Amino acid sequence: MAENLSINAGSKEEKYRELLPQLYALISTETDFIANLANLSAALKQTFNFFWVGFYLVKGDELVLGPFQGPIACTRIRFGRGVCGTAWKEAHTLIVPDVEQFPGHIACSSDSKSEIVVPMMKEGNVIGVLDIDSDSLDSFDDIDAHYLEEICTYLR
């Protein structure tokens, strides 16, 4: 079944408010985890035109690339490495205004300038992360963190 998003022009927060119920409806009846990750990636990319949107899934002691939208990405990230590995280790959202200033940043693309990473939690454990990159500096803030954290709760 084809799905469409209906997002009106407005502030970032207004877009998130319109997007959330549509995302919930999109994935609430689908039981396949990977399909839901794929649709969430596409919906976020489509709505906000982020440079890169995707998921990394915990597999042993690494994050392994999952569904994404954007240029080719790093396939595996070790625990505690880079922004994604650090968000996994610390189990909280990281907002990085300038990736060049983040110690140990892993440059999957030199075009990435800022980043937000949101851990996906299940039963108190990180099962993966939502990673979003921008090709502009300082693109993410507490509004993004709030709504992206809510989106990640839909994946439990």
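Calculation criteria
Residues numbered from 1 in each chain as written. Predicted model: local features only at pLDDT ≥ 70, side-chain atom pairs only at ≥ 80, totals over all residues. Heavy atoms only, no water. UniProt positions renumbered as here; feature names shortened; annotations may be inferred. Phe/Tyr/Trp six-rings, centres within 6.5 Å; stacked < 30°, edge-to-face > 60°. Buried < 20%, exposed > 50% of the residue type's maximum accessible area, 1.4 Å probe, protein only. Helix = DSSP H or I, 4+ residues; strand = E, 2+ residues; numbered from the N terminus. Pairing = 2+ DSSP bridges.

- The chain goes by GAF domain-containing protein in an unreviewed UniProt entry, where it is assigned to Bacteroides caccae CL03T12C61.
- Per its UniProt entry, the chain bears the Sequence similarities (unreviewed entry) comment "Belongs to the free Met sulfoxide reductase family."

**Quick look at the packing of aromatic side chains**
Step number 1: Counted by the stated rule, this structure contains eight aromatic pairs.
Step number 2: On the basis of an interplanar angle of 25 degrees and a centroid distance of 6.0 Å, the ring pair of W52 and Y56 is categorised as stacked.
Step number 3: Y56 gets classed as buried once you look at its relative accessible area, which sits at 1%.
Step number 4: With 4.7 Å between their ring centres and 90 degrees between their planes, F79 and W88 make a pair best called edge-to-face.
Step number 5: Taking relative accessible area as the criterion, F79 reaches 43% and is therefore assigned partly exposed.
Step number 6: Ring pairs connect the aromatic residues Y16, F48, F50, F140 and Y147, which therefore count as one cluster.

**Looking at the pairing of strand β5 (residues 114-122)**
Step number 1: Most of β5 is tucked away, with seven of its nine residues classed as buried.
Step number 2: Here three bridges tie strand β4 (residues 94-96) to β5, and the two strands are oriented antiparallel to one another. Looking at β5, one finds that V96 is bridged to E115.
Step number 3: Examined bridge by bridge, β5 and strand β6 (residues 125-134) share nine bridges and lie antiparallel to one another. Counted as the bridge partner of V118 is L130 from β6.
Step number 4: Following β5, the chain reverses through two residues before pairing antiparallel with β6; E123 in that reversal takes a positive phi of roughly 55 degrees.

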